[in-house]
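Secondary and tertiary structure notes
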Amino acid sequence: MYNTKKMRRIIVQGSSRNNGNTNKIVQVLRNHLECDLINLSEFDIRQYDYDNGNKSDDFLSTIKKIVEYDLIIFATPVYWYSMSGTMKTFFDRITDCLKIEKDTGRKLRGKNMAAISCGSDSLEHEGFFIPFEKSAGYLGMNYFGHIHTWIEESDPSNSILELIKDFSKKLK
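Residues numbered from 1 in each chain as written. Predicted model: local features only at pLDDT ≥ 70, side-chain atom pairs only at ≥ 80, totals over all residues. Heavy atoms only, no water.

1. So, the pattern of salt bridges
Where charged atoms of side chains with opposite charge meet at close range, the side chains can pair. A complete count under the given rule lists eight salt bridges for this structure. K64 serves as the salt-bridge partner of E101, at 3.5 Å between the closest nitrogen and oxygen. Residue E101 is located in the loop between α4 (96-99) and α5 (102-106), and its partner K64 is located in helix α2 (residues 59-66); the two are separated by 37 residues in the primary sequence. In this structure, K88 engages D92 in a salt bridge whose closest nitrogen and oxygen atoms are separated by 2.4 Å. Here K88 pairs with D92, and both are found in helix α3 (residues 85-93), just four residues apart, close to one helical turn. Overall, the relative accessible area of 41% leaves K88 in the partly exposed class. Overlapping salt bridges, with partners in common, bring together D57, R93 and D96 in one network. (Salt bridge = Lys/Arg side-chain N within 4 Å of Asp/Glu carboxyl O. Helix = DSSP H or I, 4+ residues; strand = E, 2+ residues; numbered from the N terminus. Buried < 20%, exposed > 50% of the residue type's maximum accessible area, 1.4 Å probe, protein only.)

Below, the structure is given as structure tokens:
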């Protein structure tokens, strides 16, 4: 018998601008792929705290929603050759799921992860996606890959639109 369960997908956008270039890329992907969106800048997610003094922020309620999806796609602009600070803070806080919220952390095992970057040019910086790949491995997640995108004028070029279309096929 075939598994007829529909894969649930979510994009986790970590950008300082809700409707900036990264969001333009996210919206193109959403046109090809049915998925929900969480925009991290809309939540109060504080820096990792060894003493867990930040339990009252929005991280735990947000991650508890995210772990219910089968595929988690992280979308981030390229800031200084790395993921955005918003995204980095979110990844740092996953530590909470390994120390104080272990049941939530265990739900990540077997899930699928992918990543998208959006820069100002076509140059994909060596090592940019290593934190995504290594985090997926550490958490027992399947890494589906990544793409680097950019906005040349005010919208994605035809080549970027094709890249996103091809990537969405891989994520179905």
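2. Topic: helix α1 (residues 21-32)
Between the first and last C-alpha of α1 there are 18 Å, a value that for twelve residues agrees with the 16 Å anticipated at 1.5 Å per step. Turning to α1, its buried residues are T22, N23, I25, V26, V28 and L29. Looking at the packing, one finds that the buried side of α1 touches β1 (9-13), β2 (36-39), β3 (71-77), β4 (112-119), β5 (142-150) and α7 (158-170). (Expected span 1.5 Å × (residues − 1). Contact = heavy atoms within 4.5 Å.)

3. Examining the pairing of β2
Inspection of the sheet shows β1 paired to β2 by four bridges, in the parallel sense. Bridging across to β2, I11 finds its partner in L37. One crossover worth recording links β1 to the parallel β2 by way of α1, and it is right-handed. (Pairing = 2+ DSSP bridges. Right-handed = clockwise from strand over helix to strand, strands pointing away.)

4. Considering unusual backbone geometry
Look at N52: it is not a glycine, yet its phi comes out positive at around 55°. Along the chain, the position of N52 falls in the loop between β2 and α2. Unusually for a residue other than glycine, Y81 sits at a positive phi of about 70°. With respect to the helices and strands, the residue Y81 is situated in the loop between β3 and α3.

5. Section: the packing of α1 against α7
Taken N-terminus to C-terminus, the directions of α1 and α7 make an angle of 50°; their axes are 9 Å apart at the nearest point. Considering their axes alone, α1 and α7 lie oblique with respect to each other. Of the two elements, α1 crosses α7, and the hand of that crossing is right-handed. Residue-level contacts link I25, V28, L29 and H32 of α1 to I160, L161, I164, K165 and S168 of α7. Classifying every residue of the contact of α1 with α7 by side-chain character gives six nonpolar, two polar and one charged. (Axes fitted to C-alpha atoms, helices over the stretch in contact; angles between N-to-C directions. Parallel < 35°, antiparallel > 145°, perpendicular 65-115°, else oblique. Left-handed = near helix turned anticlockwise from the far one by under 90°. Nonpolar A, V, L, I, M, F, W, Y, C, P; charged D, E, K, R; others polar.)

6. Comments concerning the packing of aromatic side chains
Applying the stated rule across the entire model yields ten aromatic pairs. With 6.2 Å between their ring centres and 40° between their planes, F74 and F132 make a pair best called tilted. You can see F74 sitting in strand β3 and its partner F132 sitting in helix α6 (residues 130-139), a full 58 residues away along the chain. Each member of the pair F74 and F132 is classed as buried. Among the aromatic residues, those joined into a cluster by ring pairs are F59, F74, F90, F91, F128, F129 and F132. Just above the ring of Y69 sits the side chain of R8; from NZ or CZ to the centre is 4.2 Å. (Phe/Tyr/Trp six-rings, centres within 6.5 Å; stacked < 30°, edge-to-face > 60°. Lys NZ or Arg CZ within 6 Å of the ring centre and 35° of its normal.)

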